[in-house]
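Working through the structure, step by step
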Amino acid sequence: MKKISVGLLGFGTVGTGVVHLLTNDQQRLVQQSGSQIQISKILVKDREKSRKMDQYDHLLTLNPSDVIDNPEIDIIIEVMGGIDDTRKYIHRALKNKKHVITANKDLMALYGTELLQAAADEGCDLYYEASVGGGIPILRGLTDGLAADRIKKLIGIVNGTTNYILSKMSHQSVSYEKVLQEAQSLGFAEADPTSDVEGLDAARKMVILSHLAYSIPVTLEDVKVEGITRVAEEDIQYSKKLGYAIKLVGIAEVEDDEIDIRVGPTLLPFNHPLASVDNEFNAIYVYGHSVGETMFYGPGAGELPTAIAVVSDLITVVKNMAYGINGKHIFLPLQEKKCKSSETVESQYFLRLHVKDQPGALSKVTGLFNDQGMSLQKIIQEPLLSGNLAEVAIITHTTEQQRFEQIYQLLKDLEDVIDVKSYYRVEGMK
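Residues numbered from 1 in each chain as written. Predicted model: local features only at pLDDT ≥ 70, side-chain atom pairs only at ≥ 80, totals over all residues. Heavy atoms only, no water.

With that out of the way, let us pick up the UniProt feature "domain: ACT" (unreviewed entry) in the chain. Mapped onto this numbering, the UniProt entry gives "domain: ACT" (unreviewed entry) at residues 350-425. Regarding residues 350-425, the helix share stands at 32% and the strand share at 45%, and the terminal C-alpha atoms are separated by 6 Å. (UniProt positions renumbered as here; feature names shortened; annotations may be inferred. Helix = DSSP H or I, 4+ residues; strand = E, 2+ residues; numbered from the N terminus.)

What follows is the structure in C-alpha cells.
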C-alpha cells in the first residue's frame, strides 16, 4: 500500500484538529483513500509553546524549507493563516510539484485565481473547502453536486460571530456592545472583531463562492460591504413586529450576465429558512435554474468541523494521485466580469424614521413615496416616550437602488422628518 507524506504549515486550532483526525482514524482514512497517510513535518512559529498534542514535538520545525522543499513530502496542508508569507510558501510548494490544501479564506479571496493558475500550470491540486463555511461542504457542493446546474443566486450567513451577536440581540433584547463583550469572552469573537463585524470576513467568502458558482473573476472591490455595528435594538424589534429577522448575509446574484455581490444587515421574512439560523451556525442558500432551492447548513468554524473539510480535501487529493488526474479539476474564472449598476439592482427596503408626532406628518412621508412612484408594503407608527416624536417603520415594495437613494435624500430634507435612523435591504422569498 502506497504511503503518502504530508507536511503541515501551522499547528494552531485547525492544525491540531487535522492531526487529531489523521492519527485517530487511520483505518477509515485507508479505506477512503486507499493509501496510508502520515505527517512528516509541521512548521510552527514557536517550538516551546505548550500544545495539547506534545507527542508530535519531534516533527516540529521553525524552518519553512523543511516542509516546502522536503522531497519526501507529497502534500502541503496550510493552516497557518496570513497572506504575504503564505502566498510565497504555496507558490514555492507548487513549484516543487507538491499538492496544496488550504483553509485560508483571506488568501484565496485575494489571490485565489493566481494560485489556482499556478497549480494548473504545475499539474498540481489546490483545494480549499475549509475556507468557506467550516465543516459545510459548500464548495464541493457547487463544483460536484450542482455541477450540471446554473446557479442563479447565493445567499448565505457565512460569519458565525455576527450571526451570534444578532441572534442574541434578537432573542434577549440586549445591546450590540453587551453581546459583543459576551461573544469575546466565549471565544466567538476576536479581541479585535473588525473583520467580522464590519462584514469583511463575509465579503471574502462571497468572493470565493462567486468564483465557483459563476466562474467570474470578481474581487473584493466588487463587493458592496456593510457591517452590523449600526444595527440598533430598535431595528431588530421593529423588524420582528413586521415579520422579519435581521441577519448579516452575503448575496451573489447573476442576471443577464451581470453580477451583483453584497454583504450587509438584511431583513429576512420569518418563513425564509435562513431566518431561523441562529448563534454561531452558518448556512448558504442556493437557487439553481434546474434544482430549485437547496440549503447547506452547519457549524461554520471550530477545530474539528474545519479539520473535517481539510481532511476531506486531503482524501480527494490522494485519490487523484492514484488515478493520475492531479491538476485536472482546477476551477478558473472563464467569463468576463460585468457588475450590475445601481440603476439595475433592485430590492425592497426597511426604514426607521423619527417624525414629528402631529397631524399630517405621516401623510407627508407616505405622500413623498407616492410622488416618487414607490409603493409601501408595510408601515408601523408608534409614539416615542419623549420629545413629541413618533417612530415610523416602513417596508417598501421592490425598487431600483438608485431610486431608493434619491428618496432617502428627500426624506432627510423633509420638514416633518427629524431623522432617518436606519435603513436596510429586505430579502423576500423567490
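Now that the structure has been shown, we can carry on.
Take the nonpolar core next. In this structure, I138, L142, L154, I165, L209, V286 and F350 are the most contacted members of the largest nonpolar core, which totals 77 residues. Top contributing element to this core by residue count: helix α10 (residues 200-214), with nine residues. Those residues in contact with L209 that sit more than four places away from it in its chain are V132, I138, L139, L142, L154 and V158. By size, the runner-up hydrophobic cluster in this structure holds 33 residues, among which are I4, L8, L22 and L29. (Core = buried A, V, L, I, M, F, W, Y, C linked by side-chain atoms within 4.5 Å. Buried < 20%, exposed > 50% of the residue type's maximum accessible area, 1.4 Å probe, protein only. Contact = heavy atoms within 4.5 Å.)

Now for unusual backbone geometry. A positive phi is found at K97, a non-glycine position, where the angle reads about 65°. Mapped onto the elements of the fold, K97 is located in the loop between α4 (84-95) and β5 (99-102).

Structurally, E122 can be placed in helix α5 (residues 105-122). At 2.7 Å, the side chain of E122 forms a polar contact with the side chain of K97. Not counting residues within four places of it along the chain, the set of residues in contact with E122 comprises L94, K95 and K97. (Polar contact = N/O pair within 3.5 Å; in protein donor to acceptor, adjacent residues only side chain to side chain.)

Side-chain positions along a regular strand alternate between the two faces of the sheet. In terms of residue burial, strand β9 (residues 244-255) counts as a mostly covered element, since 10 of its 12 residues are buried. For strand β7 (residues 151-157) and β9, the ladder comprises four bridges, and the chain directions are antiparallel. Looking at the pairing, L154 lines up with A252 of β9. As paired strands, β9 and strand β10 (residues 258-269) are joined by 12 bridges and run antiparallel to one another. In the sheet register, E253 faces β10, and the bridge partner there is D260. Counted between consecutive antiparallel strands, the loop separating β9 from β10 contains two residues, among which D256 sits at a positive phi close to 55°. (Pairing = 2+ DSSP bridges.)

On to the pairing of strand β1 (residues 3-9). Extensive coverage of β1 is indicated by the burial of six of its seven residues. Taken together, the seven bridges between β1 and strand β2 (residues 36-43) define a ladder with parallel strand orientation. When the sheet's bridge partners are listed, G7 is paired in β2 with K41. As judged from the four bridges shared by β1 and strand β4 (residues 75-78), these two strands associate in the parallel manner.

In this numbering, the UniProt entry assigns the feature "binding site: NADPH" (unreviewed entry) to K105. Tracing the chain through its elements places K105 in helix α5. Looking at K105, the relative accessible area reads 23%, which means it is partly exposed.

This part is about the sheet that holds β2. In space, the six strands of this open sheet follow the order β3-β2-β1-β4-β5-β6, with parallel pairing throughout. Each end of this open sheet is capped by a strand with a single partner; those strands are β3 (60-61) and β6 (126-127). Examined bridge by bridge, β2 and β3 share two bridges and lie parallel to one another. Across the sheet, the residue bridging to I42 is L60, located in β3.

Let's shift gears to the pattern of salt bridges. Scanning all chains against the criterion turns up 24 salt bridges. In this structure, E427 engages K153 in a salt bridge whose closest nitrogen and oxygen atoms are separated by 2.2 Å. One end of the pair, E427, is in the segment after β17 (417-426); the other, K153, is in strand β7, with 274 residues separating them in the sequence. Of the two residues, E427 and K153, neither departs from the other in class, the shared state being buried. Residue E255 pairs with K340 through a salt bridge whose shortest N-O separation is 2.7 Å. In this pair, E255 sits in strand β9 while K340 sits in the loop between α12 (303-323) and β13 (346-356), placing the two residues 85 residues apart along the sequence. Here E255 falls in the partly exposed class, since its relative accessible area comes to 43%. By sharing partners, the salt bridges in this structure join K95, K97 and E122 into a single network. (Salt bridge = Lys/Arg side-chain N within 4 Å of Asp/Glu carboxyl O.)

Within helix α6 (residues 138-145) the residues assigned to the buried category are I138, L139, G141, L142 and T143. In the core, the buried residues of α6 are packed alongside β7, α10, β11 (281-288) and β12 (292-299).

This part is about the packing of aromatic side chains. Enumeration over the complete set of coordinates arrives at seven aromatic pairs. Ring geometry for F281 and Y297: centres 5.4 Å apart, planes at 10°, overall stacked. Pair noted here: F281 is in strand β11 and Y297 is in strand β12, with a separation of 16 residues, a long-range link. Their ring planes at 5° and their centres at 3.7 Å tell us that Y349 and F404 sit as a pair that is stacked. Of the two residues, Y349 sits in strand β13 while F404 sits in helix α14 (residues 401-413), which places them 55 residues apart along the sequence. Ring pairs connect the aromatic residues Y349, F404, Y408 and Y423, which therefore count as one cluster. (Phe/Tyr/Trp six-rings, centres within 6.5 Å; stacked < 30°, edge-to-face > 60°.)

This part takes up a negative patch on the surface. On the surface, a cluster of negative charge is contributed by D46, E48, D54 and D57. With respect to the element layout, E48 can be found in the loop between β2 and β3. (Patch = residues over 30% accessible without salt bridge, like charges linked within 9 Å, V, L, I, M, F, W, Y side chains within 5 Å. Areas by Shrake-Rupley, 256 points an atom, 1.4 Å probe, with all protein chains shown as cover. Lys, Arg positive; Asp, Glu negative; His and termini not counted. Charge placed at Lys NZ, Arg CZ, Asp CG, Glu CD.)

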